[in-house]
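Summary of the model geometry
Single-letter residue listing:
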Amino acid sequence: MTVPALTLHPRVTASTQDLPDDRDLASRALAGDTRSFEVLFERHAGRVYALCVRMAGDRQRAQELAHDALVRAWERLGSYKGEAAFGTWLHRLTVNVVLESARSQRRREARVALAEDDDADVGGAPELAPSDVGDRIDLERAIAKLPRNARQVFVLHDVEGFRHDEIADRMAIAPGTVRAHLHRARKLLIAWLDR
Amino acid sequence: MTHPELEQLNDLVDGRLAPAARHDVEAHLASCRACRDEVDALRATVAAAAALPSSLPVPDGLWDDVRATIDARRVVALPRAPRAARTFSTRTLAIAATALVMASSGLTAFVLRGRGSSPAPVEGVTLLPASWRATESGYIESVDALRAQLDAQRAQLDTATIAAVERALATIDAAIVEARAALERDPANAALTDLLASNYRQKVELLRRATQLASIT
Ligand SMILES: [Zn+2]
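Report on the accompanying structure. All of these numbers come straight from a predicted model, not from anything done at the bench. (Residues numbered from 1 in each chain as written. Chains lettered and ligands numbered in written order. Predicted model: local features only at pLDDT ≥ 70, side-chain atom pairs only at ≥ 80, totals over all residues. Heavy atoms only, no water.)

1. Some words on the overall build of chain B
Threshold: Segments assigned H or I by DSSP are reported as helices when at least four residues long, segments assigned E as strands when at least two residues long, and all are numbered from the N terminus. Buried residues are those whose accessible area, probed at 1.4 Å on protein chains only, stays under 20% of the maximum for their type, while exposed residues exceed 50% and partly exposed ones sit between those limits. Contact criterion: two residues are considered in contact whenever any of their non-hydrogen atoms come within 4.5 Å of each other.
Within chain B, the secondary structure is distributed over nine helices and zero strands. Sequence-ordered secondary structure for chain B, helices as α and strands as β, is α-α-α-α-α-α-α-α-α. Looking at chain B as a whole, 45% of its 217 residues are labelled buried. Long-range pairs, those at least 24 residues apart, make up 75% of the contacts in chain B between residues at least 6 apart in sequence.

Written out as C-alpha cells, the structure reads:
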C-alpha cells in the first residue's frame, strides 16, 4: 500500500541506511516536520538535559529547563543557518535559556529577600553514599549542592569548557567574580569529596 | 615560609598566572608538600569535571512534553507557556485553553486538503490499525484518570475557568471525533494518525494543566 506524500508530515526516512544529517533534519523541522525534530531530539536531548541538570542542581527543574530549551530550539530553527554543528547551536541556546532563568529567579528573590547573600543556600556537606557508588556520582551530587552562582560558573568552566570572559559576558558578572565563584566551587568540592 | 594564596594555586592550575608569578609559585611548590597536595587536589577536581559524560539519560516523557507544547503552538502561537505549576494563573490557563481550541479545530480539513483530495469513502467496516488502537486506549486511560481528578477538584476552580476548560474540551473532542472518522475511512493516512494523536495529547495536556491549577488554588 502506498501512502501519498503529505506536505504536513513528510516521512523522515524510509530506510535506516541513509540517515539524514542534522542540517537536513533541521531544515525539514523548520518546514514543520516534527518527526525530523524528534530525530534531532533523540540525538541531542541527552546533552541538553545533562547541561540543565548540572546547572540547575535539581532534576525536576532541569526537566523544565530542557523542555523550554527544546521548545525554543523548535521555534528558532529559522535562526540556525547550518554554519555551526547543530549540537553546538543547541548547546549555546540551552546555556542562554538556563542563564536567563537564573537571572529572573535572582530578580524575583531580590524583591523578596533583603539583599540576601547568594551563598546563604549552601547546605552542609552533601550526603554522599559510601564509596561503592563511584566517584562520578559523588561528583554529580556534590555539584548539585554548590551555591547557585558557584555551581553555574563551575559547570560552564570546568565541565563545559567556556572561557572566563565568555562566562562573565553571559552571566553579566565581572570577570573577577567569575574567578571567585570558580575557586569557591572547587574548594567546596575538594572539601566535600575529601580529595 | 609564606604559602601562596589559594587563588594563585587555582590560577596556576588554569594557566592564568603571569610568568614571574608562576615561577615563584612553582619554586614554592618544589619545597612545600602541603601546597603540592592542594594543587593535586585542584587538578584532580578539574580533571574529574572534564571527564563527566556530556550526555545523561533523558527522563521519560520529555519528548511527549516538548511535542505537546509544539503542537499546541503549531497553528496559533501560544503565549509563553507556563511550565511549573507555581506559575499558573487562571488567566494563563484560559488563554492556553483558547489557543488549544484554535489549534484543534479545522485541522482535519486542513490535513485532508493538504493531500489534494478527500479520502475515498470505504464501503463496509474499516478497522483502525491495531497499533493505533493500543495507543488510543492509553490516551483514553490518561484522559479518564485526569477527568476524574478534575471533577473531584471542581470546587477549587472558579466558574470562568471551568467554563473555559469545558469549552476547550468540547472543541478538542469535536476535533477528535472528526479526525477519528476521517482515519477510519483512510486508515493508512499517517498525517491523520498524527493529527488524532496530537488532538489526544492536547486533551491530556489541557486536563493536566487544569488539575494542576486546581491543586494549587
Ligand atoms: Zn606552601
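The structure having been displayed, the exposition proceeds.
2. Quick look at the overall build of chain A
Here is the rule we go by: The Shrake-Rupley method, run with a 1.4 Å probe sphere, supplies the accessible areas, and residue values consider only the shown protein chains as cover.
Along chain A, the regular secondary structure elements total eight helices and zero strands. N-terminal to C-terminal, the α/β element order of chain A is α-α-α-α-α-α-α-α. The proportion of buried residues among the 195 residues of chain A is 50%. Expressed as a percentage of contacts within chain A between residues at least 6 apart in sequence, the contacts between residues at least 24 apart total 63%. As presented, chain A carries roughly 9700 Å² of accessible surface, and 50% of it is formed by carbon and sulfur atoms.

3. Notes on the coordination of the zinc ion
All names here are of chain B. Here is the rule: Excluding water, the donors of a metal are its N, O and S neighbours within 2.8 Å, or within 3.2 Å for Na, K and Ca, and that exclusion means sites may look incomplete.
The coordination sphere of the zinc ion, as far as protein atoms go, consists of His3 (ND1), His28 (NE2), Cys32 (SG) and Cys35 (SG), spread over 2.0 to 2.3 Å. Spacing between the donor residues of the zinc ion along the chain follows H-x24-H-x3-C-x2-C. Cys32 carries the same exposure label as His28, and that label is buried.

4. Quick look at the pattern of salt bridges
Residue and element names in this part refer to chain B. To keep it simple, the criterion reads: Whenever a carboxyl oxygen of Asp or Glu lies within 4 Å of a side-chain nitrogen of Lys or Arg, that contact is scored as a salt bridge.
Within the structure shown, the criterion is met by 19 salt bridges over all chains. A salt bridge links Asp151 to Arg147; its shortest N-O distance comes to 3.5 Å. Note that Asp151 and Arg147 are positioned in helix H7 (residues 130-152) at a spacing of four residues, about one turn of the helix. Judged by relative accessible area, Asp151 falls into the partly exposed class, the value being 38%. One connected set of salt bridges, linked through shared partners, spans Arg147, Asp151, Arg154 and Glu166.

5. Considering the nonpolar core
Using the following cut-off: By nonpolar core is meant a set of buried Ala, Val, Leu, Ile, Met, Phe, Trp, Tyr and Cys residues that side-chain atoms within 4.5 Å join together.
In terms of nonpolar packing, the biggest core is built from 61 residues, with Phe37, Phe154 and Leu189 of chain A together with Val66 of chain B touching the most fellow members. Of all the elements, helix H2 (residues 34-56) of chain A adds the most residues to this core, at 12 residues. Setting aside anything within four residues of it in sequence, one finds Phe154 of chain A in contact with Ile143, Leu146, Val159, Leu182, Ala185, Arg186 and Leu189 of chain A together with Thr45 and Ala49 of chain B.

6. Focus: the side chain of Ser36 of chain A
What counts, and what does not: In protein, a polar contact means a hydrogen-donor-capable atom and an acceptor-capable atom, both N or O and within 3.5 Å, with residues adjacent in sequence counting only if both atoms are side-chain atoms; elsewhere, any N or O pair within 3.5 Å suffices.
Here Ser36 of chain A is to be found in helix H2. Reaching out from Ser36 of chain A, the side chain makes a polar contact with the side chain of Asp33 of chain A at a distance of 2.5 Å.

7. Considerations on the interface of chain A and chain B
We apply this condition: Accessible area that two parts lose when put together, evaluated with a 1.4 Å probe and summed over both, is termed the buried area.
Taken together, the contacts link 49 residues of chain A with 45 residues of chain B. At the boundary of chain A with chain B, total buried surface from both sides reaches about 4400 Å², with 64% on carbon and sulfur atoms. Run the count over chain A and chain B and you get two salt bridges. Two residues, Asp11 of chain B and Arg179 of chain A, come together in a salt bridge whose shortest N-O distance is 2.5 Å. At the junction of chain A and chain B, the tally comes to 10 residue pairs in polar contact (both at pLDDT 80 or more). Of all the elements in the fold, those that place two or more residues in the side of chain A that touches chain B are H2, helix H3 (59-75), helix H5 (135-145), helix H6 (148-159) and helix H8 (175-193) of chain A. The dominant element in the side of chain A that touches chain B, judged by the number of residues it contributes, is H2 of chain A, at 12 residues.

8. Re the packing of aromatic side chains
Applied cut-off: Centres within 6.5 Å are what make two rings of Phe, Tyr or Trp a pair, Trp counting through its six-membered ring; a difference in plane orientation under 30 degrees is then read as stacked, over 60 as edge-to-face, and the rest as tilted.
Taken as a whole and judged by the stated rule, the model has seven aromatic pairs over all chains. An aromatic cluster of three or more residues is present, and its members are Phe37, Phe41 and Trp74 of chain A together with Trp63 of chain B.

9. Some details on the environment of Leu189 of chain A
Residue position: Leu189 of chain A is located in helix H8. For the pair Leu189 of chain A and Leu139 of chain A, spaced 50 residues apart in sequence, the C-alpha separation works out to 7.8 Å. Residues contacting Leu189 of chain A, with those up to four places away along its chain left out, are Leu139, Ala142, Ile143, Leu146, Phe154 and Asp194 of chain A together with Thr45 of chain B.

10. A few points about the side chain of Asp71 of chain B
The residue Asp71 of chain B is located in helix H4 (residues 62-72) in this model. For Asp71 of chain B, the side chain forms a polar contact with the side chain of Arg201 of chain B, separated by 2.9 Å.

11. Topic: H5 of chain A
Structural remark: α-helix, 3.6 residues per turn; residues separated by three or four positions point the same way. Along H5 of chain A, the positions that sit buried rather than exposed are Asp138, Leu139, Glu140, Ala142 and Ile143 of chain A. Turning to H5 of chain A, the residues buried within the fold contact H2, H6 and H8 of chain A together with helix H3 (33-50) of chain B.

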